[in-house]
Amino acid sequence: MSTQPAKRSARLTVPQFVARKAEGKKLSVLTAYDYPMAQLVDQAGVDAILVGDTLSMVVQGHDSTIPVTLDEMIYHAEMVTRAVSTALVIVDMPFPSNLLGVHEAIRNAGRILKETGAQAVKLEGGADQAEVISGLVNAGIPVMAHIGLRPQLVHQMGGYKVQRDHERLLNDAQAAADAGAFGIVLECIPKEYAAEITKLIPIPTIGIGAGNECDGQVLVLNDMLGLTTGHVPKFVKQYATIRDTISDAVRQYCEEVQSGDFPGPEHSFR
Ligand code: KIV
């Protein structure tokens, strides 16, 4: 038996995450998909890191979140958890890993928790996923729900559009909370609806394109850092222009290799 002490985690726990709502302290959430970015995001003080299935788009280069597999999510989530010491780590259940019945959902979410060290899963769905949410919660797997714009339904929804069905949104939020979800992502819905849902349910609402009255916010890291190419949604605020920084550095490196200015004497051995 190993004499090494068990590595203790000081990560934010699910109950602490939930308690933030009553404490009136907003929650900051960002995505991350690999070790160096997760380490930077964690050390900068974010409350939770989501290994989102946007991995499919921003890392793998697909045009939707549908292609990414459960094995690929696990592969990336394991890198993230290895880097994180204070944030809560949540992993997306990729399409269709939560849609094949409660038993299969427990098997898939169980793999995520066992093989990655993450503390919770997120799945797209509200009322339609209530049975799965409660099955997972009863199995000891914390679940964050995700309603409004559901990118995994892009083909059914006919694109990435603001969702305005007021009754459906309220019903989905209430059903997810009643089923035992510990939090809920509200994506691309009118800010007044998000504010109403936030008052209605006892669990934290995490908005993306849902205004500033949610209990917290989430953004895709690559979007907010200015790493994403092409269309960036209206709800994204770009806090940096990392693409330009990287392009400038690479261009300068190429020029200096050509000119012989790199490597200089300080980078050389005698
Ligand atoms: O996959 C993801 O990154 C997400 C966020 C956009 C909430 O679900």
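Just so it is clear, the structure is predicted and the values come from calculations on it, not from any experiment.

Overview of the UniProt feature "active site" (unreviewed entry) in the protein chain
As annotated in UniProt, the feature "active site" (unreviewed entry) corresponds to Glu187 in the numbering used here. Sequence-distant contacts of Glu187, that is, excluding residues within four places in its chain, are made with His146, Ile147, Gly148, Leu149, Pro151 and Ile208.

Some remarks on the state of the cysteines
A full pass over the atoms with the stated rule returns zero disulfides. With no disulfide of its own, Cys188 lies 12 Å from the sulfur of Cys214, the closest cysteine sulfur. According to the relative accessible area criterion, Cys188 is buried, its value standing at 11%. Exposure remark for Cys214: the relative accessible area of 1% places this residue in the buried category.

Topic: the pattern of salt bridges
Applying the stated criterion to the full structure yields 10 salt bridges. With a shortest N-O distance of 3.3 Å, Glu104 and Arg107 are connected by a salt bridge. Pair noted here: Glu104 and Arg107 are both in helix α5 (residues 102-116), with a separation of three residues, about one helical turn. Residue Arg107 is classed as partly exposed on the basis of its relative accessible area of 45%. The partner of Asp172 in a salt bridge is Arg168, with the nearest N and O atoms 3.7 Å apart. Of the two residues, Asp172 and Arg168 are both situated in helix α8 (residues 166-179); the distance of four residues between them amounts to about one turn of the helix. Here the salt bridges do not stand alone but share partners, grouping Asp71, Arg111 and Glu115 into one network.

Conventions used here
Residues numbered from 1 in each chain as written. Predicted model: local features only at pLDDT ≥ 70, side-chain atom pairs only at ≥ 80, totals over all residues. Heavy atoms only, no water. UniProt positions renumbered as here; feature names shortened; annotations may be inferred. Contact = heavy atoms within 4.5 Å. Disulfide = S-S within 2.5 Å. Buried < 20%, exposed > 50% of the residue type's maximum accessible area, 1.4 Å probe, protein only. Salt bridge = Lys/Arg side-chain N within 4 Å of Asp/Glu carboxyl O. Helix = DSSP H or I, 4+ residues; strand = E, 2+ residues; numbered from the N terminus.

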